[in-house]
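Residue-level structural notes
Here is what each chain is made of, one letter per residue.
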Amino acid sequence: VILHTDSANYLPATMRTWPSPKASGEIMLLRREGGHVVHLSEGRNQTATVLRQRLPLSQRNLLAAQAITHPERLGQMLEGVDYRGIQSLGIAKSIPATDWILMVKLDRAEFYDTASRDAIWIALAGILAAFIAAAGLFLTRQRQQLQIANQVQQTQSERLRALRLLAAIAESSSDAIFALDADGRIILFNPASEKIAGQTQAEVIGRDESALFPPEVAARQMADNRRVMESGITLNIQEEIPSIDGNHIFLTTKGPLHDGNGRVI
């Protein structure tokens, strides 16, 4: 029993529409006959060429000749000319149990034209991705800076509240409270100190204790100040200090103030 069918009913039509809707893309069946390669299928651009299209294998740049004469290159990208003599790219595979070769080819110009358009879109996508990444990084840094600014503002607010509390305590205290910087200049002088010294805060701020006391008393006071700052100790001193209404015995406490790093300020 023999069952046969005309391959023209299916195979050529399928091969003309595959592999892709490219203007120059086509698939071909090839076979070697002596020193020639024979086309077993019609090209997209030719008709009535089955078994008639015979090209010499000696034409080294012919895609079909490369596929037949170099079986080790089957499955690899081939570059040369097609049966029309047009520069093309192709890939060939052998069909098992036959001497046929199946080749898919595409004109080189169309291939690189498509690749160029794709490259442009890829480049634009890359630029867009880089822009998005840069914007994301910028927003992240902005968010971090905002968090840092909020933390600094919160810290400054807490310090301001502490300073206001300290000022309120100093202002309302009946004890004389004063502070000096590392150079011995007065930076805090509360109302009780003003009453004892007979001088206002505006008159003494930025000056040393020679503005308050006679030279020998001022020298003793400044020596005690240096001792406190150099040793880091707190002194409790009972001493006679002149005031606006005469000399009085005072119990004075002097201690160092430190910054956040523990340095005496």
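Residues numbered from 1 in each chain as written. Predicted model: local features only at pLDDT ≥ 70, side-chain atom pairs only at ≥ 80, totals over all residues. Heavy atoms only, no water.

Glancing now at the packing of aromatic side chains. Counted by the stated rule, this structure contains zero aromatic pairs. Of note, Arg84 hangs over the ring of Tyr83, and the distance from its end group to the ring centre comes to 5.9 Å. (Phe/Tyr/Trp six-rings, centres within 6.5 Å; stacked < 30°, edge-to-face > 60°. Lys NZ or Arg CZ within 6 Å of the ring centre and 35° of its normal.)

When strand β1 (residues 26-33) meets strand β6 (residues 100-107), the two strands line up antiparallel, connected through six bridges. Residue pairing across strands places Glu26 opposite Lys105, the latter belonging to β6. Taken together, the four bridges between β1 and strand β2 (residues 36-39) define a ladder with antiparallel strand orientation. Of the residues in β2, the one forming a bridge with Arg32 is Val37. Counting the residues between successive antiparallel strands, the hairpin from β1 to β2 contains two residues, one of them, Gly34, with a positive phi of roughly 65°. (Pairing = 2+ DSSP bridges. Helix = DSSP H or I, 4+ residues; strand = E, 2+ residues; numbered from the N terminus.)

Moving on: the sheet that holds β1. The strands making up a sheet associate through backbone hydrogen bonding, with each pair oriented either parallel or antiparallel. An order of β3-β2-β1-β6-β5-β4 is seen for the six strands of this open sheet, with the pairing classed as antiparallel. Every other strand in the sheet has two partners, leaving β3 (54-56) and β4 (78-81) as the edge strands with one partner each. The sheet shows a mean angle of 40° between the axes of neighbouring strands, taken without regard to direction. (Axes fitted to C-alpha atoms, helices over the stretch in contact; angles between N-to-C directions.)

Let's shift gears to the confidence of the model for the protein. Looking at the protein, pLDDT values average 85 and 91% of them are 70 or higher. Mean pLDDT in the protein bottoms out at helix α1 (residues 11-17), which sits at 68, and peaks at strand β7 (residues 178-180), which reaches 91. (pLDDT = per-residue confidence, 0-100.)

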